[in-house]
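Each chain, written out:
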Amino acid sequence: MLRYTLQRIIYMLITLFIIATLTFFLMKLLPGSPLKSQDKLTPEQITIINEKYGLNDPLPVQYVNYLGNLAQGDLGLSFQYDNRPVTEMIAGRIGPSAQLGLQALILGSIVGLILGIIAAIKHNTFFDYGATFLAVIGISIPSFVFAGFMQFVLGVKLQLLPVALWEGFSYTIMPTLALSGFVIANISRFMRTELLEVMASDYIMLAKAKGISQSGIIIKHAIRNALIPVITIIGPLAVNIMTGSLVIERIFAIPGLGEQFVKSISMNDYTVIMGTTIFYSALFIFIIFVVDILYGIVDPRIRLAGGRK
Amino acid sequence: MDKVLEVKDLHVSFDTYGGIVKAVRGVNFDLKKGETLAIVGESGSGKSVTSKALMRLIPNPPGRISKGEILFDGRDLTKLSEKEMQKVRGKEIAMIFQDPMTSLNPTMKIGSQIMESLIKHQNLSKSAARERALELLRLVGIPQPEVRINQYPHQFSGGMRQRVVVAVALSCNPKVLIADEPTTALDVTIQAQILELMKDLQNKIDTSIIFITHDLGVVANVADRVAVMYGGQIVETGTVDEIFYDPRHPYTWGLLASMPSLDTSVQTELAAIPGTPPDLMHPPKGDAFAPRSAYALEIDFEHEPPMFQISDTHFAKTWLLHENAPAVEPPKAVVDRRRSMSANFAKPRLVEEAVR
Ligand SMILES: Nc1ncnc2c1ncn2[C@@H]1O[C@H](COP(=O)(O)OP(=O)(O)OP(=O)(O)O)[C@@H](O)[C@H]1O
Ligand SMILES: [Mg+2]
């Protein structure tokens, strides 16, 4: 297990290096400059500023400097916000985003699993069709439409929940719901399919032949086996939440990472864009890593393949 | 000998989009204490459906037992509630499936899978169940049971897994053990070991076995009696000797003629049974085997044959046994093997169809 983990960490670092490189060169290809948008600077001032940020150096030098800083955890200084370090800006914004993302992922997974399990147990009944209908809605309607709808109904009309801002738990409810819809829909569909397949397998038949009750079979035999493939989609769903939060944080005026990221793009704030991209990538790679570890915990066959003695 | 199990006029059908598949169409047989009954027949003849029906394991929908009785210990299993049935499964009647690679739960330790039924049916504590599981693993010949009990199925070979499945099935000393092609997925030496193991354990705990197979070679080794199934019906039953040396149904002839045997050292040609199995959605009128049979009589296409009795233990469902039927010559492979049975009646008797 240790060797496997180390191997995985090395792969993660390589992936991160590739992403950092790509981000850097893509950034250089981007038209426009962070300074042009103001247009109040004299050419001399621009030269001075370019010098200060190292933008006059040849590209390879810039690249090496950038990688060197990155290795030390330094993501550079913002062009727009009084030279604040990007790491500090990310750290200041991560709280609301993390809370929102985790809440959406946990809520989405739990509700999705429960819906999927019930739909499988009661398959081809009214409940199953209802769950399918909800899932189709959840998958096809974008989260921002759902968010706007909730703001109108729950916020404006019924006045049950605050329409926007970030001032306590009640403010998290609507954005969490908006982000978890897609997760619920996907997990419930997937879980239903997997569980039905598992229920038709030989070992479930053997468990029945042992005289185990239907509920015992589902709880002790079926769910665990059905969960294994479901775990694999948690990674992509986490990414969906991350990208969804870019829009959702804007809609609900949440001071999170996504909101800052969107702003930095419209202001050509190079270092913030690059830093946040790399941060998101690292997070994503980490999530996939955690999912793989989870996989190993649930599936004894993987554990062995990982080389545990 | 007293009967442990008596199946009367069992019908099982599946409601599919295309129509109703009548997979089992009036099966009658009984099982005596301590005996092994083999059910043979080609693929799709309804062997597995029959055996699953005995344990009420036919998935519903689409399947259902549409008619008939399964008398076990004086109770009709078809009438039991699901709860009552759970007390029968695993405790009174146990089952072994064909493919040991898929019949164990991949994410549950071997020990837990054996202990499960012990805890459920014998009210054993966890530690007592564990002790018994170790004992069972030893009994079915698994080395190092203390280590093995904590392992998962993927750490076992196919033969070892089937031993575990046998241990699971025998854990509560069932009165009836249904083995649905328990050795088909295993290679020949392992096959022999598993069969040996089953026979051994049968003697120890005095279980009756229903042994399903399409390998007649295996039948000769394990069974006391044989039931030959075709198209959802039992077309011939008898002792092993009666079926092998004095078969009466053309389908049984076909099966025997298509069986390679070691004792006929001369190169005998294996005769495959021509044609395809009957469409169970629209079973043919008359004898279901008639369209494929070289011995079919005109009446076979009109009326379903009744059961004729050749001896106390030998029954066959074919018009050829009717007193007005012409004498026919069975395939050479069958004739070569034929012996006269001293217990046979002077003339086949028509069985009064009381249950039909
Ligand atoms: N769930 C089902 N739905 C529809 N038809 C079914 C179903 N299960 C079995 N059948 C039908 O019942 C018939 C008998 O099947 P069964 O599995 O009992 O055959 P078998 O004798 O065990 O064959 P094999 O030797 O291949 O195991 C087949 O024609 C099959 O198509
Ligand atoms: Mg079968």
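What you see is a predicted model, and the numbers here were worked out from it, not measured in a lab.

Thoughts on the interface of chain A and chain B
Contacts between the two partners involve 21 residues from chain A, matched on the other side by 27 residues from chain B. A combined buried area of about 2100 Å² lies between chain A and chain B, and 63% of that area is made up of carbon and sulfur atoms. Remark: the boundary between chain A and chain B carries two salt bridges. Residue B:E116 pairs with A:K210 through a salt bridge whose shortest N-O separation is 2.8 Å. Linking chain A to chain B there are 11 residue pairs in polar contact (both at pLDDT 80 or more). Across the side of chain A that touches chain B, the residue classes tally to nine nonpolar, five polar and seven charged.

As for the UniProt feature "domain: ABC transporter" (unreviewed entry) in chain B
Using the residue numbers shown here, the UniProt feature "domain: ABC transporter" (unreviewed entry) corresponds to residues 5–256 of chain B. Between the C-alpha atoms that bound residues 5–256 of chain B the distance is 28 Å, and the span itself is 38% helix and 28% strand.

A short note on the site of ligand 1
Residues and elements named next belong to chain B. Every one of the 14 residues lining ligand 1 counts as a neighbour, but S43, G44, K47, S48 and V49 are closest to it. With respect to ligand 1, the backbone of G46 contributes an N or O atom lying 3.1 Å from an oxygen atom. Contact distances for ligand 1 include 2.8 Å between an oxygen atom and a backbone N or O atom of V49. Relative to its unbound accessible surface of 630 Å², ligand 1 loses 67% to contact with the protein. The residue inventory of the shell around ligand 1, partitioned by class, reads four nonpolar, seven polar and three charged.

Digging into the packing of aromatic side chains
Per the counting criterion, the structure on display carries 10 aromatic pairs over all chains. A centroid spacing of 5.6 Å and a plane angle of 75 degrees characterise the contact between A:F261 and A:Y280, whose relative ring orientation is edge-to-face. A residue pair is termed long-range when its members are at least 10 positions apart, and A:F261 in helix 11 (residues 257–266) and A:Y280 in helix 12 (residues 270–298) qualify at 19 residues. Classification of A:F261 by relative accessible area gives buried; the value is 11%. Of the residues examined, A:Y280 reaches a relative accessible area of 12% and is grouped as buried. Measuring from ring centre to ring centre gives 5.0 Å for B:W253 and B:Y295, while their planes differ by 85 degrees; the resulting arrangement is edge-to-face. Residue B:W253 is found in helix 10 (residues 250–257), and its partner B:Y295 is found in the loop between helix 10 and strand 11 (308–309); the two are separated by 42 residues along the sequence.

Looking at the sheet that holds strand 11 of chain B
All names here are of chain B. With mixed pairing, nine strands are arranged side by side in an open sheet as 6-7-8-3-9-10-12-11-13. Only two strands of the sheet have a single neighbouring strand rather than two, namely strand 6 (93–96) and strand 13 (349–350). Judged from the four bridges that link them, strand 6 and strand 7 (residues 176–180) form a sheet pairing that is parallel. Bridge pairing in strand 7 links I96 to A179.

Criteria and cut-off values
- Residues numbered from 1 in each chain as written.
- Chains lettered and ligands numbered in written order.
- Predicted model: local features only at pLDDT ≥ 70, side-chain atom pairs only at ≥ 80, totals over all residues.
- Heavy atoms only, no water.
- Contact = heavy atoms within 4.5 Å.
- Buried area = accessible area lost by both parts, 1.4 Å probe.
- Salt bridge = Lys/Arg side-chain N within 4 Å of Asp/Glu carboxyl O.
- Polar contact = N/O pair within 3.5 Å; in protein donor to acceptor, adjacent residues only side chain to side chain.
- Nonpolar A, V, L, I, M, F, W, Y, C, P; charged D, E, K, R; others polar.
- UniProt positions renumbered as here; feature names shortened; annotations may be inferred.
- Helix = DSSP H or I, 4+ residues; strand = E, 2+ residues; numbered from the N terminus.
- Near = heavy atom within 4 Å.
- Areas by Shrake-Rupley, 256 points an atom, 1.4 Å probe, with all protein chains shown as cover.
- Phe/Tyr/Trp six-rings, centres within 6.5 Å; stacked < 30°, edge-to-face > 60°.
- Buried < 20%, exposed > 50% of the residue type's maximum accessible area, 1.4 Å probe, protein only.
- Pairing = 2+ DSSP bridges.

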